[in-house]
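Here's the letter readout for the chains.
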Amino acid sequence: MGLQPLEFSDCYLDSPWFRERIRAHEAELERTNKFIKELIKDGKNLIAATKSLSVAQRKFAHSLRDFKFEFIGDAVTDDERCIDASLREFSNFLKNLEEQREIMALSVTETLIKPLEKFRKEQLGAVKEEKKKFDKETEKNYSLIDKHLNLSAKKKDSHLQEADIQVEQNRQHFYELSLEYVCKLQEIQERKKFEFVEPMLSFFQGMFTFYHQGHELAKDFNHYKMELQINIQNTRNRFEGTRSEVEELMNKIRQNPKDHKRASQFTAEGYLYVQEKRPAPFGSSWVKHYCMYRKAAKKFNMIPFEHRSGGKLGDGEVFFLKECTKRHTDSIDRRFCFDIEAADRPGVSLTMQAFSEEERKQWLEALGGKEALSHSFNTAIIPRPEGSAQLDKLGFTIIRKCISAVETRGINDQGLYRVVGVSSKVQRLLSMLMDVKTCHEVDLENSADWEVKTITSALKQYLRSLPEPLMTYELHGDFIVPAKSGSPESRVNAIHFLVHKLPEKNKEMLDILVKHLTNVSNHSKQNLMTVANLGVVFGPTLMRPQEETVAALMDLKFQNIVVEILIENHEKIFRMPPDTTFPEPTCLSASPPNAPPRQSKRQGQRTKRPVAVYNLCLELEDGDNPNPSKEDTPTGSLDSLSSPSPVTAALPGPPGPDKNHLLADGGSFGDWASTIVSSRKARAVYPCEAEHSSELSFEIGAIFEDVQTSREPGWLEGTLNGKRGLIPQNYVKLL
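The structure displayed is predicted, hence computed values, not measured ones. (Residues numbered from 1 in each chain as written. Predicted model: local features only at pLDDT ≥ 70, side-chain atom pairs only at ≥ 80, totals over all residues. Heavy atoms only, no water.)

### Here we look at the environment of Val452
Its place among the elements puts Val452 in helix H12 (residues 452–464). Overall, Val452 belongs to the buried group, its relative accessible area being 11%. Each C-alpha atom, one on Val452 and one on Ile411, is 9.3 Å from the other, the two residues being 41 residues apart in sequence. Sequence-distant contacts of Val452, defined by excluding residues within four places in its chain, comprise Arg409, Gly410, Asp413 and Leu416. (Helix = DSSP H or I, 4+ residues; strand = E, 2+ residues; numbered from the N terminus. Buried < 20%, exposed > 50% of the residue type's maximum accessible area, 1.4 Å probe, protein only. Contact = heavy atoms within 4.5 Å.)

Take a look at the structure:
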């Protein structure tokens, strides 16, 4: 598992875990900065110390071999894997040169030192400056909040209103700065992949001419060099596409942060100040806590956390809610307060203070207090508005007209589909095409009124305006899985299988479009639109996740790979039926369903794991399938557990329970998932060997304590023999 994505929506919660993820990104950048600094020093030694060339080269090779990129997300593309492995390839090449003991050219300064110094100064240095601003604004923001919340409620309303406005303006400024800093952190993590490797590639290219056998070595290295250049260019192209999508998401969240809150296992969560009473005459103090509440279990967690002390995390407390009461200012000299009484602490009442009146009302609603708002604390994901574009007869006519015009007039145009048309013209063309009365009157093939770039932009815009993407929300995750792992053949077979699961109209439209894109790629020498370039353009057009998050956008590069596979294998995928003996895509890696794929060195071990089966097609008798009410299930808490799996038949696995039967002694998978909130123990039904320090190793029959849902999809958290860690959810049976 690489670095965790930094969600823009988390900038508004500013939780302890969000700060931990920020620190992880900062630590990685610092590690990269130190490594580049050391590498620059080593490069200068090659120039200055000819006599110690052998020592300098060996150290340089050692540095390259030991460095490894950290990638955002749960998997890497083949291009990124090659980029990651390229440093080890460079190291091996240096060792071969050392055996010949030839003198390296002094052109290292221009090809290596200056680009790395520029990257370190302009990119990493810029991030350091942003960090200083972010830390300074954090201190200012929470200091002002502390001061503001200490204002007496007896002051004049005008004074209080002015103070409220000042605090809100400062908070908005803090959020703006936080969004920019988070965006910059993730951008530099992605940017360093190619901006660091490219100077290295130039450096190695320059070395060939300065060695006695450089010509032969260059010939041997040439094939790998060309592949790496393609890897770098593909990664750069995907980076540009992903960056534009991420910036678009950031702007959406900046405009309406409340409409883009992430689904959470908690009914409510956020910061509250908790009054800590002391013996007279010392009075009381107010301590900031990060609080989380599950309505179904009435379980309240609160953890002290102070941003200004370097993010120090205190010991948490857990209790069960009995009742919540609003506090009025005539009973306490603070605003936005309410009292909580714990069911498991008789006679104990806690007074808490929210950041604002609106947040107090939200907490009161979630906790069952008075003056509840009409909306939930965790705002549901707002579905995309349904546009007028449809997969109907008119829709097929529009796409066919556009494709025919492009192939007739502009198949050799450079940058076809990458060069965008003027927005107003594109909208005017779409309006005419989507009107039944004028559609057939529009002549795209012979009229000079419509430029090719206007037509291509209209085609893409129409596809993006469909109520759901052409490759559907339901199959989005399934298409992504094979793009992340497996052999090239297994990827093609898996995507072939999934295409034939699409609705008939979707498959027909996809066939028409991909056939056209195949034709476009066949003219890539003229139009420069290779398969990889078309993947970058049409990945986000044909596929998109239902929920827009940074984590989802990090999978954009895998969407591009899926489109590349469709183009390269159009005839097989659309003209031949899929292999009926081929397992469904989730069977390809033998990983637990929804479990995060591991990076290359662990993938071989992961294939040894069995796959438990969730047969969702079997029906239960009424008495065997109690449906939990919505009140019992916190919003968003079971998304990763209850998502339907495409596996509907027995999958290969170790000897054990009949995997065609329902899980957990007759309960369905949905029942099993719905009980996870209240169940506390589980028993292992398969053995497992940990592949990461965060996972648990166990044998069949092991009993886990305090089992809870994990934030990592496909996994649970539990305690075994005093150690807490991750457990594959399909390896255990709840007790």
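Anyway, onward from the coordinates.
### A look at the nonpolar core
Of all hydrophobic cores here, the largest spans 100 residues; its most connected members are Phe8, Leu64, Phe90, Phe196, Met200, Phe300 and Met352. A per-element tally of this core places helix H6 (residues 157–207) first, with 17 residues. Apart from residues lying up to four places away in sequence, Phe90 is in contact with Leu64, Val197, Met200, Leu201, Phe204, Phe221 and Leu228. (Core = buried A, V, L, I, M, F, W, Y, C linked by side-chain atoms within 4.5 Å.)

### Some remarks on the environment of Tyr181
Assignment of secondary structure puts Tyr181 in helix H6. In the structure, Tyr181 is positioned 52 residues away from Glu129 in sequence and 10.0 Å away in space, judged by C-alpha atoms. In this view, Tyr181 contacts Ile22, Glu26, Val127, Glu130, Lys131 and Phe134; residues no more than four positions away in its chain are not counted. Within the local environment of Tyr181, its side chain forms a polar contact with the side chain of Glu26, the two groups lying 2.4 Å apart. (Polar contact = N/O pair within 3.5 Å; in protein donor to acceptor, adjacent residues only side chain to side chain.)

### Concerning the sheet that holds strand S8 (residues 682–684)
Pairing is antiparallel across the open sheet formed by five strands, whose spatial order is S11-S10-S9-S8-S12. Both outer strands of the open sheet, strand S11 (723–728) and strand S12 (732–734), are each paired with one neighbouring strand and no more. Each neighbouring strand pair of the sheet contributes to a mean axis angle of 40°, computed without reference to strand direction. Note: S8 against strand S9 (residues 703–709), two bridges, orientation antiparallel. Looking at S9, one finds that Arg683 is bridged to Ile703. (Pairing = 2+ DSSP bridges. Axes fitted to C-alpha atoms, helices over the stretch in contact; angles between N-to-C directions.)

### A look at the confidence of the model for the protein chain
When pLDDT is averaged across the protein chain, the result is 77; 79% of the residues are at 70 or more. When mean pLDDT is taken per element in the protein chain, helix H15 (residues 504–522) scores highest with 95 and helix H22 (residues 639–642) scores lowest with 30. A low-confidence stretch, residues 372–387 stays under pLDDT 50, and its non-local contacts, those more than four residues away or across chains, total 34 contacts. Segment residues 585–677: pLDDT under 50, and 184 contacts once partners within four positions in sequence are set aside and those in other chains are kept. (pLDDT = per-residue confidence, 0-100.)

### Quick look at the pattern of salt bridges
Under the defined criterion, the tally for this structure stands at 36 salt bridges. For Arg171, the salt bridge identified is with Glu359, shortest N-O distance 3.2 Å. Highlighted residues: Arg171 in helix H6 and Glu359 in helix H8 (residues 357–367), separated in sequence by 188 residues. Looking at Arg171, the relative accessible area reads 9%, which means it is buried. Here Glu198 and Arg236 are joined by a salt bridge, their closest N and O atoms 2.6 Å apart. One end of the pair, Glu198, is in helix H6; the other, Arg236, is in helix H7 (residues 214–255), with 38 residues separating them in the sequence. Look at the salt bridges and you will find they share partners, linking Glu187, Arg191, Glu195, Glu240 and Arg243 into a network. (Salt bridge = Lys/Arg side-chain N within 4 Å of Asp/Glu carboxyl O.)

### What about the UniProt feature "coiled-coil region" (unreviewed entry) in the protein chain?
Mapped onto this structure's residue numbering, the UniProt feature "coiled-coil region" (unreviewed entry) falls at residues 225–252. Between the C-alpha atoms that bound residues 225–252 the distance is 40 Å, and the span itself is 100% helix and 0% strand. (UniProt positions renumbered as here; feature names shortened; annotations may be inferred.)

### A short note on the pairing of strand S2 (residues 284–294)
When you tally the buried positions in S2, you get nine out of eleven residues, the bulk of the element. Sheet topology note: the strand S1 (residues 268–277)/S2 ladder contains ten bridges and is antiparallel. Bridged to Leu272 within S2 is His289. The turn joining S2 and strand S3 (residues 299–306), which pair antiparallel and follow one another in sequence, is formed by four residues; a positive phi near 55° is taken by Lys298.

### What about the pairing of S1?
Along any regular strand, the residues point their side chains to alternate faces of the sheet. Within S1, eight of the ten residues are buried, leaving the element largely enclosed by the surrounding structure. Across two bridges, S1 lies against strand S7 (residues 349–353) in antiparallel orientation. In the strand pairing of S7, Tyr273 is matched with Gln353.

### Observations concerning helix H9 (residues 393–409)
The terminal C-alpha atoms of H9, which comprises 17 residues, lie 24 Å apart, in line with the 24 Å expected from a rise of 1.5 Å per residue. Those residues of H9 that are buried are in contact with helix H10 (423–433), helix H11 (436–439), H12 and H15. (Expected span 1.5 Å × (residues − 1).)

### Details of the packing of H9 against H15
At their nearest, the axes of H9 and H15 sit 11 Å apart, and the two run at 5° to each other. When the axes of H9 and H15 are compared, the pair comes out roughly parallel. Facing H9, whose interface residues are Gly395, Phe396, Ile399, Arg400, Ile403, Val406 and Glu407, H15 presents Lys505, Glu508, Met509, Ile512, Leu513, His516 and Asn519. The residue inventory of the contact of H9 with H15, partitioned by class, reads seven nonpolar, three polar and four charged. (Parallel < 35°, antiparallel > 145°, perpendicular 65-115°, else oblique. Nonpolar A, V, L, I, M, F, W, Y, C, P; charged D, E, K, R; others polar.)

### Observations concerning the side chain of Arg360
Within the element layout of this structure, Arg360 appears in helix H8. A distance of 2.7 Å separates a polar atom in the side chain of Arg360 from a polar atom in the side chain of Glu357. Once residues within four sequence positions are removed from consideration, Arg360 is found in contact with Lys326, Arg327, Phe336, Cys337, Phe338 and Ala354.

### Quick look at helix H19 (residues 556–568)
Along its 13 residues, H19 runs 19 Å from first to last C-alpha, staying within 8% of the 18 Å computed at 1.5 Å per residue. Of all 13 residues in H19, twelve are buried, a share of seventy percent or more. Of the residues making up H19, those classed as buried are Leu556, Lys557, Phe558, Gln559, Asn560, Ile561, Val562, Val563, Glu564, Ile565, Leu566 and Ile567.

### Focus: the side chain of Asn560
Relative to the helices and strands, Asn560 is located in helix H19. If sequence neighbours within four positions are ignored, Asn560 has contacts with Arg238, Gly535, Val536, Gly539 and Pro540.

### Quick look at unusual backbone geometry
Even without being a glycine, Tyr417 presents a positive backbone phi close to 75°. By the secondary structure assignment, Tyr417 is in the loop between H9 and H10. Positive phi is not limited to glycine here, since Thr472 has a value of about 65°. Here Thr472 shows up in the loop between H12 and helix H13 (476–484). Classification of Thr472 as buried rests on a relative accessible area of 5%.

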